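Understanding the architecture of this molecule
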Amino acid sequence: MIPSADPYGRGRVATPRRLLMCRPSHFDVIYSINPWMHPEKPCDGGLALAQWEKLCELYTSLGHTVDVIDPIPGLPDMVFAANGATVVDGKVLGARFRHLERTAEGPAYLSWLQEQGFEDVLWPEFINEGEGDYLLVGRRLLAGTGFRTDPRSHAEAQEFFGLPVTGLTLVNPRHYHLDTALAVLSADDIMYYPDAFSPGSRAVLAEMFPDAILASPADAAAFGLNAFSDGFNVVLPEAATGLAAQLAKRGFNPIGVDLSELLKAGGSAKCCTLELRTAPARRTSV
Ligand code: ARG
């Protein structure tokens with residue numbers, strides 16, 4: 001039986017989520033758009049599939065609902081569903097990719113979401129790479145820029161969602177998306193790697209989250225911040241042992257996963273996972 005709440009009563013409770021994933025049937029590293037990608041190195045498609053299936057099963061066993069979108073041949077990075085859109089309160093901000101190699105993914109994810117009944121949809125004016133750079137913490141969005149998402153997208157997202165958006169500048173190319181440098185753990189807890197951010201953004205994070213868990217260089221290099229949390233269970237790369245220990249100390253339940261093949265494209269657990277957040281239930285008065 002998988003625990004769904006911190007047994008020591010520190011307020012950590014898992015809430016079931018609706019997740020979208022994309023099977024890595026066409027996964028490969030055939031181009032390089034981040035420093036992790038080396039097309040000349042071999043990649044084991046079968047192992048990538050097996051590792052992904054395990055992640056998918058883990059989510060289901062934790063009580064989450066997993067939807068899958070059909071992978072498209074010729075889009076090897078489509079497995080990274082987090083980049084496909086940003087979905088908050090049932091509203092969908094489409095993703096417009098920086099690199100030509102991935103541009104077809106944006107409309108593919110948007111069409112799928114529209115087919116599922118998401119009607120409040122915005123095709124963006126500015127480049128943004130979905131939840132790669134937009135992370136919801138409570139009722140505000142943290143928004144990355146520096147490598148992929150255009151900073152002008154931040155105002156576009158704020159206007160569309162009607163939620164405060166805090167821009168953060170990434171400076172380390174190995175942490176090219178916000179979700180490779182920062183993970184949301186609960187409505188008010190995050191963990192991050194300070195060195196991935198500009199001095200100003202580091203100061204903003206320290207101001208907003210004085211109690212945040214800080215990652216060591218080794219855990220950040222193991223992609224430990226590319227984590228998915230349901231409020232209690234935190235799914236993260238198993239090599240990030242320091243972060244796992246810190247999480248456990250704070251009452252979370254860290255669960256290590258091996259996604260070594262997907263890491264060859266610069267992605268891990270969170271990159272494979274797009275959260276579909278529906279509108280909060282309306283309060284009805286009696
Ligand atoms: N190869 C992909 C890219 O560079 C990896 C994307 C990882 N996704 C993420 N959400 N960080 O775009």
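Residues numbered from 1 in each chain as written. Predicted model: local features only at pLDDT ≥ 70, side-chain atom pairs only at ≥ 80, totals over all residues. Heavy atoms only, no water.

What holds strands together in a sheet is hydrogen bonding between their backbones, with the strands either parallel or antiparallel. Here we have 3 strands laid out as an open sheet, ordered β3-β4-β5, and mixed in their pairing. Strands at the two margins of the open sheet, each flanked by one partner only, are β3 (85–88) and β5 (121–122). Running over the sheet, helix α2 (residues 105–115) touches β3, β4 (91–94) and β5 and is turned about 165° from β4. The sheet strands contacting helix α3 (residues 152–161) are β3, β4 and β5, and the helix crosses β4 at an angle near 160°. (Pairing = 2+ DSSP bridges. Helix = DSSP H or I, 4+ residues; strand = E, 2+ residues; numbered from the N terminus. Contact = heavy atoms within 4.5 Å. Axes fitted to C-alpha atoms, helices over the stretch in contact; angles between N-to-C directions.)

Here we take up the pairing of strand β8 (residues 165–169). Looking along a regular strand, one sees side chains alternate from face to face of the sheet. In the sheet, strand β7 (residues 140–145) pairs with β8 via 5 bridges, with the strands oriented parallel. Paired with Gly 144 across the strands is Leu 168, a residue of β8. Where the polypeptide runs from β7 across α3 and back to β8, its parallel neighbour, the crossover connection is right-handed. (Right-handed = clockwise from strand over helix to strand, strands pointing away.)

Attention now moves to the site of the ligand. Near the ligand, the surroundings consist of 17 residues, among which Asn 34, Arg 102, His 177, Asp 179 and Cys 271 are the closest. In this structure, an oxygen atom belonging to the ligand sits 2.8 Å away from a side-chain N or O atom of Asn 34. Within the side chain of Asp 179, a nitrogen or oxygen atom sits 2.7 Å from a nitrogen atom of the ligand. Broken down by class, the residue content of the shell around the ligand amounts to 7 nonpolar, 6 polar and 4 charged. (Near = heavy atom within 4 Å. Polar contact = N/O pair within 3.5 Å; in protein donor to acceptor, adjacent residues only side chain to side chain. Nonpolar A, V, L, I, M, F, W, Y, C, P; charged D, E, K, R; others polar.)

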